[in-house]
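Commentary on secondary and tertiary structure
Given next are the chains, with one letter for each unit.
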Amino acid sequence: MLVTLALTGAAHAHIDTTSRRQQGTLRVPRPEHARLASLGFDAAVADYYWLRALELVGGENGPVEAHGPIIASLIETVTGIDPWVDHPYRFAALWLTRDSEMVRRGNKLLERAISHHPQDWRNHYHLGFNRFFYLQEDLAAADALEPAIGLKGAPKYLAPLVARLRSKRAGIQVAGAFLERIANSTQDEYKRAEYLKALDEIQIEERARFLDQAREEYSRRKGRDIRQVSDLLEGPNPVLKELPRAQLRLDGFEWLLDPESGQIVSSFYGSRYELHVTATDRARQERWRSQRESSEGAGS
């Protein structure tokens, strides 16, 4: 027994235990080839390549995005062998973010996920997020998110989010009509209340834009900008005779000039009707936009 243990230890010491990823020899077959080679054990083979993807991400100490092409190939093989898997689709969406090409490759996987799991709101959400955040495709993002509204487990903020995305390109009237339609069609009173609250915000935004026009007229007449919103009411020939309400259902709120942006805002909301992105994320979006424009310019 002692001799056997000694020989086993010596043999193990000479075994190369580095992973194929570390050796740089990891090769991923095409999904159709892997399916044929599985000999009917589709789930087992799919699990094998899924574990390789997990090993690749879990064993990386540096930027995982650098392995995007291999991760994409592994998940494409997994889902090609067994398209009814669940988490691998969203796993790919999280890690395929190196550039727009990788994001679009991940989006194709999410579209496949939606075709096989149409009632899972998370796949719609990740697809919408990728289109909005990485590709700045607001209307396409709204199209991806809208089918998730009302699905089991979907957050209530999806409908207002879709409305905001549509308002950036299709116009605020389109966003309002969308929310009104959703509010009238839902049977959930809590969700309806959320949708109506978002609709109120759209109506306040319409009033703020009306005040923007009055502000421009004031500048044309006076040759200077307003110092406060009430300036629109001053003088023998005021631009406006009265200001619209700054909140539809409550009193005590007023129109202000935002100290940072200079925009006219309702004191109830404190900001205009738009998607709010942190400074860090906005910088990332700008970097993505520059990368995308550079790649498109090189391609042309």
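Everything numeric in this text was worked out from a predicted model, so none of it was measured.

A short note on the overall build of the protein chain
Secondary structure summary: the protein chain contains 13 helices and 2 strands in total. The proportion of buried residues among the 300 residues of the protein chain is 40%. Contacts in the protein chain between residues at least 24 apart in sequence constitute 56% of all its contacts with a sequence separation of at least 6. Roughly 17300 Å² of accessible area belongs to the protein chain as shown, and the carbon and sulfur atoms make up 53% of that amount.

So, the packing of helix H10 (residues 158–169) against helix H12 (residues 189–222)
For the pair H10 and H12, the least separation of the axes is 9 Å and the interaxial angle reads 25 degrees. Relative to H12, the element H10 is oriented roughly parallel. With respect to the hand of their crossing, H10 and H12 are arranged in right-handed fashion. Contacts from Ala159, Pro160, Ala163 and Arg164 in H10 reach Tyr195, Ala198, Glu201 and Ile202 in H12. Residues of the contact of H10 with H12, tallied by class, amount to 6 nonpolar, no polar and 2 charged.

Quick word on the side chain of Asp258
Topologically, Asp258 is positioned in the loop between strand E1 (255–257) and strand E2 (264–266). Buried and unpaired, Asp258 has Arg215 as its nearest opposite-charge partner, separated by 9.6 Å. From its side chain, Asp258 meets the backbone nitrogen of Ser261 in a polar contact 2.7 Å long. Residue contacts for Asp258: discarding those within four places in its chain leaves Gln263, Val265 and Gly270.

Brief notes about helix H9 (residues 138–145)
All of the buried residues along H9 are Asp138, Ala141, Ala142, Ala144 and Leu145. Viewed end-on, H9 has its buried residues packed into an arc of 160 degrees, placing them on one side of the element. Residues of H9 that are buried in the fold lie against helix H8 (121–134) and H10.

Some points on unusual backbone geometry
Leaving glycine out, the prevailing phi sign among residues is negative, and the prevailing peptide bond configuration is trans. Although it is not a glycine, Gln136 adopts a positive phi angle of roughly 55 degrees. Here Gln136 lies in the loop between H8 and H9. Residue Gln136 is classed as buried on the basis of its relative accessible area of 16%.

Parameters at a glance
- Residues numbered from 1 in each chain as written.
- Predicted model: local features only at pLDDT ≥ 70, side-chain atom pairs only at ≥ 80, totals over all residues.
- Heavy atoms only, no water.
- Helix = DSSP H or I, 4+ residues; strand = E, 2+ residues; numbered from the N terminus.
- Buried < 20%, exposed > 50% of the residue type's maximum accessible area, 1.4 Å probe, protein only.
- Contact = heavy atoms within 4.5 Å.
- Areas by Shrake-Rupley, 256 points an atom, 1.4 Å probe, with all protein chains shown as cover.
- Axes fitted to C-alpha atoms, helices over the stretch in contact; angles between N-to-C directions.
- Parallel < 35°, antiparallel > 145°, perpendicular 65-115°, else oblique.
- Left-handed = near helix turned anticlockwise from the far one by under 90°.
- Nonpolar A, V, L, I, M, F, W, Y, C, P; charged D, E, K, R; others polar.
- Lys, Arg positive; Asp, Glu negative; His and termini not counted.
- Salt bridge = Lys/Arg side-chain N within 4 Å of Asp/Glu carboxyl O.
- Polar contact = N/O pair within 3.5 Å; in protein donor to acceptor, adjacent residues only side chain to side chain.
- Arc of directions from axis to C-beta.

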